[in-house]
Amino acid sequence: MSLRAVRQLRRVRAFYAMGVLLWAAAANWAGWESPGSRRMWVSVLLLTVFSGLLLTASVWLRRLEAAGAGRPVHHAASRKATAPGHAHA
């Protein structure tokens with residue numbers, strides 16, 4: 001499991017969640033102002049698209065986290081290549 005992939009999926013999931021909230025508010029507002037208008041249906045369509053993307057990202061993230069649960073944690077090697085007090089050649 002790539003820790004970088006998990007972090008990126010968490011960010012993408014947060015972005016999609018904000019998109020869902022935005023388009024839900026837009027669909028609500030457009031439906032209140034003029035029910036059945038083209039603007040309302042476009043907002044509902046985009047709400048559906050962002051909801052699907054959010055669901056997909058959440059499922060992938062859950063699968064990645066479940067796949068990596070049994071593995072030991074891999075720590076990167078230290079960036080310090082030389083011992084203290086030694087000069088580079």
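Position numbers for residues start from 1 in each chain and track the written sequence from start to end. Whole-chain, interface and lining totals are the exception, using all residues; otherwise, since this is a predicted model, local features are given only for residues with pLDDT of at least 70 and side-chain atom pairs are given and counted only at 80 or more. Water and hydrogen atoms were dropped before computing side-chain values, which therefore reflect all heavy atoms in the structure.

Chemist: I tried to follow the packing of aromatic side chains on my own but got confused; where do I start?
Modeler: The description of an aromatic ring pair uses the distance of the two centres, along with the angle that the planes make with each other. Under the pairing criterion, centres of Phe, Tyr and Trp rings, with the six-membered ring standing for Trp, must be within 6.5 Å; the plane angle then separates stacked pairs below 30 degrees from edge-to-face pairs above 60, leaving the rest tilted. All told, the structure shown has three aromatic pairs when counted by the stated rule. Look at Phe15 and Tyr16: their rings are 5.9 Å apart centre to centre, the planes differ by 55°, and that puts the pair in the tilted class. What makes Phe15 exposed here is its relative accessible area of 54%. Relative accessible area serves as the criterion here: at 18%, Tyr16 is assigned to the buried category. In this scheme, a residue with accessible area under 20% of its type's maximum is buried, one over 50% is exposed, and one in between is partly exposed, where area comes from a 1.4 Å probe on protein chains only.

Chemist: Can you help me understand the nonpolar core in this one?
Modeler: Note on soluble globular proteins: their nonpolar side chains tend to be buried together. In plain words, nonpolar cores are sets of buried Ala, Val, Leu, Ile, Met, Phe, Trp, Tyr and Cys residues tied together by side-chain atoms within 4.5 Å. The biggest cluster of nonpolar side chains holds seven residues, and these are Val6, Leu9, Tyr16, Val20, Phe50, Ala57 and Leu61. Contributing elements (two or more residues each) for this core: α1 (3-33) and α2 (38-67). Segments assigned H or I by DSSP are reported as helices when at least four residues long, segments assigned E as strands when at least two residues long, and all are numbered from the N terminus.

Chemist: Explanation requested: the environment of Ala14 in the structure shown.
Modeler: Inspection of the secondary structure puts Ala14 in helix α1. Using a relative accessible area of 43% as the deciding quantity, one classes Ala14 as partly exposed. Spatially, the C-alpha atoms of Ala14 and Ser58 are 9.9 Å apart, while their sequence positions differ by 44 residues.

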